[in-house]
Amino acid sequence: MTAVAGPDVLGLWDRSVREHAAGPALVTPRRVLSYQDADRLTDAWAAALTTRGAGPGKLVGLAFGDPARTVLGMLAALKAGAGFTVLDDRLPPAARAALVERTAAAVWLGDGAHAPEGAFVPASSDAGGGAATAARPGRPADGSDVAYVLFTSGSTGRPKGTVVGRDALGRFASAVAERLGLTPRDRWLQVASLGFDVLIEEVFPAFAAGAAVVCREDTRALDAEELHLALARTRTTVVELSTQYWLEYARWLTANGTTTPAELRTVVVGGERMDPGPYRAWQARQPAGLAHVYGLTECTVSSTFYTGLLPADAQEVPLGTPLRDVRISVRRDGRPVPDGETGEIHIGGPLLARGFLDDEAATARRFVPDPYAAEPGARLYVTGDLGRIDADGQLVFLGRADDQVKIRGHRLEPARVERALCELPGVEQAVVFPDPATGTALWAFTVAADPAAAPLPGEAVRLTGRDRDALVAPLEAQLPDWAVPRVLYRVSVLPKNPHGKVDKRLLSAWAAPAPAGAPARARSGARAGEPVQDRAVDAAQEPLEPVLTLFREVLGAPALGPDDNFFDHGGQSLLAMRLLARLRESDPAAAGLRASTLFASPTPRLLTGALAERRAAART
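Cut-offs applied
Here the residue numbers are simple positions, counted from 1 along each chain's written sequence. Where local features are concerned, this predicted model is filtered to residues with pLDDT of at least 70; where side-chain atom pairs are given and counted, the filter is 80 or more; whole-chain, interface and lining totals use all residues. Where side-chain values are given, they derive from all heavy atoms of the structure, hydrogens and water being excluded. Helix and strand definitions follow DSSP, with helices as H or I runs of at least four residues and strands as E runs of at least two, each counted in order from the N terminus. Remark: exposure states derive from per-residue accessible area (1.4 Å probe, protein chains only) relative to the maximum for the residue type, with buried under 20%, exposed over 50%, and partly exposed in between. Contacts between residues were defined by any pair of non-hydrogen atoms, one from each residue, lying within 4.5 Å. All accessible areas in this document rest on Shrake-Rupley with a 1.4 Å probe, and a residue is counted as covered only by the protein chains that are shown. The term polar contact refers here to a pair of N or O atoms within 3.5 Å; inside protein, the definition further demands a hydrogen-donor-capable atom paired with an acceptor-capable atom, and it admits residues adjacent in sequence only when both atoms are side-chain atoms. Paired strands, in this sense, are two strands between which DSSP finds at least two bridges. Under this scheme, a helix contributes an axis fitted over its contacting stretch, all axes are lines through C-alpha atoms, and angles between N-to-C directions fall in the 0 to 180 degree range. We define the nonpolar core as a collection of buried residues of types Ala, Val, Leu, Ile, Met, Phe, Trp, Tyr and Cys that are connected through side-chain atoms lying within 4.5 Å of one another. Between Lys or Arg on one side and Asp or Glu on the other, a salt bridge is scored when a side-chain nitrogen of the former is within 4 Å of a carboxyl oxygen of the latter. Known as pLDDT, the predictor's confidence for each residue is given on a scale from 0 to 100. When the centres of two rings from Phe, Tyr and Trp lie within 6.5 Å, Trp using its six-membered ring, the rings pair. Their planes under 30 degrees apart give stacked, over 60 give edge-to-face, and anything left gives tilted. In this analysis, the expected span of each helix is defined as 1.5 Å times one less than the number of residues it contains.

### With respect to the overall build of the protein
Phase 1: What the protein contains, in helices and strands, is 18 helices and 27 strands.
Phase 2: When the 620 residues of the protein are sorted by exposure, 55% land in the buried category.
Phase 3: Here the contacts in the protein between residues at least 6 apart in sequence split such that 67% fall between residues at least 24 apart.
Phase 4: When the accessible surface of the protein is split by element, carbon and sulfur atoms take 53% of a total near 26,100 Å².

### Here we look at the side chain of Asp564
Phase 1: Take Asp564: it is sitting in the loop between helix H15 (544-555) and helix H16 (573-586).
Phase 2: By relative accessible area, Asp564 is classed as buried at 6%.
Phase 3: A polar atom in the side chain of Asp564 sits 2.7 Å from the backbone nitrogen of Gly561.

### Section: the sheet that holds strand E25 (residues 442-448)
Phase 1: Strand order in the open sheet made by the four strands is E24-E25-E27-E26, with mixed pairing throughout. The open sheet has two edge strands with one neighbour each: strand E24 (427-434) and strand E26 (461-462).
Phase 2: Across two bridges, the pairing between E26 and strand E27 (residues 487-491) is antiparallel. Within the sheet, the bridge partner assigned to Val461 lies in E27 and is Arg490.
Phase 3: Together, E24, E25 and E27 form the strand contacts of helix H13 (residues 465-476), whose direction differs from that of E27 by roughly 110 degrees.

### Regarding the nonpolar core
Phase 1: Of all hydrophobic cores here, the largest spans 86 residues; its most connected members are Phe84, Ile200 and Phe204.
Phase 2: Grouped together as the second largest cluster of nonpolar side chains are 34 residues, Val191, Val214, Trp252 and Leu264 included.

### Structural notes on the pattern of salt bridges
Phase 1: Enumeration over the complete set of coordinates arrives at 20 salt bridges.
Phase 2: Arg468 is the salt-bridge partner of Asp469, the closest N and O atoms lying 3.9 Å from each other.
Phase 3: Given the relative accessible area of 3%, Arg468 is considered buried.

### Examining the pairing of strand E3 (residues 59-63)
Phase 1: For E3, a buried count of five out of five residues is recorded, marking the element as mostly surrounded by other parts of the structure.
Phase 2: Every second residue of E3 is oriented toward a common face, with Leu59, Gly61 and Ala63 on one face and Val60 and Leu62 on the other, all of them buried.
Phase 3: With four bridges joining them, E3 and strand E5 (residues 107-110) adopt parallel strand pairing. Bridge pairing in E5 links Gly61 to Trp108.

### Some words on the confidence of the model for the protein
Phase 1: Summing up the model confidence of the protein, the mean pLDDT is 86 and the portion of residues at 70 or higher is 90%.
Phase 2: Scored below 50 in pLDDT, residues 126-133 makes 12 contacts in the model with residues more than four places away or belonging to other chains.
Phase 3: Confidence drops under pLDDT 50 across residues 515-542; counting only partners more than four residues distant or on other chains, this segment forms 29 contacts.

### Examining the packing of aromatic side chains
Phase 1: One pass over the full model with this rule turns up 19 aromatic pairs.
Phase 2: With centroids separated by 6.1 Å and ring planes inclined at 75 degrees, the aromatic side chains of Tyr35 and Phe207 adopt a geometry described as edge-to-face. Of this pair, Tyr35 sits in helix H2 (residues 35-51) while Phe207 sits in helix H7 (residues 198-208), placing them 172 residues apart in sequence. Neither residue differs from the other here; Tyr35 and Phe207 are each classed as buried.

### Considerations on unusual backbone geometry
Phase 1: Here Asp333, not a glycine, exhibits a phi torsion of approximately 55 degrees, which is positive.
Phase 2: Relative to the helices and strands, Asp333 is located in the loop between strand E15 (327-332) and strand E16 (335-336).
Phase 3: Judged by its relative accessible area of 78%, Asp333 falls in the exposed class.
Phase 4: Positive phi is not limited to glycine here, since Asp358 has a value of about 55 degrees.

### Thoughts on helix H3 (residues 67-79)
Phase 1: Taking 1.5 Å of rise per residue, the 13 residues of H3 would be expected to cover 18 Å, and the 19 Å separating its terminal C-alpha atoms lies within 8% of that figure.
Phase 2: Of all 13 residues making up H3, 13 are buried, and the element is well covered by its neighbours.
Phase 3: Among the residues of H3, the N-terminal cap falls to Asp66, whose side-chain oxygen and the backbone nitrogen of Ala68 are separated by 3.0 Å.
Phase 4: Taken from the residues just after H3, Gly81 is the one with a positive phi, measuring 90 degrees.

### Some remarks on H2
Phase 1: If you check H2, its first and last C-alpha atoms are 24 Å apart, about what 17 residues at 1.5 Å a residue would give, namely 24 Å.
Phase 2: All buried positions along H2 are accounted for by Tyr35, Ala38, Asp39, Leu41, Thr42, Asp43, Trp45, Ala46, Ala48 and Leu49.
Phase 3: Just beyond H2, the residue with positive phi is Gly53, at close to 105 degrees.

Written as C-alpha cells, this is what we have:
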C-alpha cells in the first residue's frame, strides 16, 4: 500500500502567500517583509540558484551571519527544488571547512568571513515586480527529495549529517502549527543558533500558519534581560528556549518581580530534562504557557509536546504525546513493552529522516525496520533514550541508555571529545561529562602520559594557565564552542566502579573544593619548584570582594582569584547571564550591563573596574 503524501512544504508557503499576501512573514530590526514581498524576493533568489546548478537532489549551502537572510535562503533553496544546509557561524575554521567539503553543495549563498570562497551573495532588497515572474524549476522536487541536511555530533569525531526529506518537513510544519494552534496573528522569535535543528521549528510551522518569523539583527546570544526586552518590543507570541536558557529567564523574571510580556502566549522548552519544581513555579506565576517538547534531529526536530498543568505529585515533567504522523513506542530488546514499564524510546512514522549523509552503516544501525508495523517498509529510529508511557498516555523521560549527553540543548557523544583529548601530546586517558551542579558545561579529567606529572592518588588538580591552554586551544580549533570542556582536571588514574566503568561520581568528589581549614593545594599552573602566587584579595581591595564572591558562586570555584578569567574557568553564555543577573540585583552600577561587558572585562578585577567607570560616568 502506498503511503498518502503529506502536505508539500512549498504548498504550505504558497497557501499563506495567497491567503495572507499583505501580512507580515519576516520581521527584522530594519524592515518587515510581507508574504508577497518575501515570495517575490525568494523567487528571484531561487531563479539565481537554479542557473548556478541548484535543483532536486542537490544542496544549497547557507553561510550568513544574518538570521533573516538565512531564513530567506532556506525558502529560496526549496523553491529551486534543492535542499539546504546551514553553516553555523560559530564553528571554528577547520570544522567549517570540513562541513563545506562533506556537503558538496551545488552552490553556496553567504556573506561575511565564515562564508566559503566564491559564495554567491544575493541582493538584499526586494526585487520588485520583475522577481514575481521568476520561474520555478521545470522538474519540481517530490516528497522523497532532500529538504535539508543538518549536522550533529558523532563519536568518531566526524559529525553526522542528518538528511530530512521534503515530505517529512511539510508534515512536521503542519503538525506543529496544529499542536500549538498557530494563527496569522502569531509572531515566533528566532533565537536558536543557525545550524541547530530548532531553527527549523522556529520557521516552518509559522510559515505554514501564515504567522510571522521575527529575526534578530545577528546571531549574538541574548541574555535574559535582552531576551525579555526583545520579546516585548517585537510583540512576540511564541518563543523556543533550551531548558537551561529558560531557567535563566525564569530566574530573571522572579528576581525582577515581573512577568512575561502581555503578548507572549507560549514558551516552547526542550533539549534537556526539566525539573518539576521550576515548571510548577512558572505555571503559578507566569501568564505565558509552557510547551515541553522532546525530539531529535533524526526525527525532524520535536516529536512530542506536553502542555498540561503539572500534577502536584508528578516526579517528572512528561515529554507529552506525539505529533500527528509520529509513532512513539517503548521497547525492550526490540519488543514493545506494556505502558508503565521502562524501555528504550523508539520513534516511527513519516517524519523520520532519510538517514545519515554518506553513512549507510550508521543509517542501518539507528534506522531499523519495524516488524510490528501494519504498513510495509515501516522504520523506527532507535533513540538511545529510556522512558515509559504513564497512565495518562504521556511519554516520560528516564535517562540515557548510552553515554550520550546534552549540553546547552546540543547532543554530544563524549567519546568524540575524549578522543580529541587523547590525541594531544602528553594525554594518556581522558573522560568527559557535564558538570554535576548545572549540567551546562563540560568537565574533562585527564591522565598524563608522564607519571611524574600525575597528582597524588585521590586528587584532582584543576588545570589553569599554560597547562589548561595547551589542551583547550587545539579543541577550540576543531569543535564547536559548546563541545569544548571549560573545566579540566588532571588525575593519576580514572577510577572504576564495580561495573568496570569510569566512576564519575568519585571523580566529582575528588574535584570538590577542600573543606574550610584544610591546607590549600598548589595551583596547577605553577611548575615544580616555583613559588605559588597568593591570589587572595587584601583589605585594600575591598571593592573587589563582592564581584569576586559572585564569580566564585556562579562558577562553583571557591579558589578563584581576582585575575582569573571567567571563560577559562567553566564560564559560558548561560552562566554569564546568571552572573550579570546577580550583579544587577546587588549593584546599581550594573543596571543595563550586557554580556559584551563581561567579554571585554572577563576577570573580577577588570569587571570591578568597569563597574567603577560606570559609577563615575553616572556622577558626571
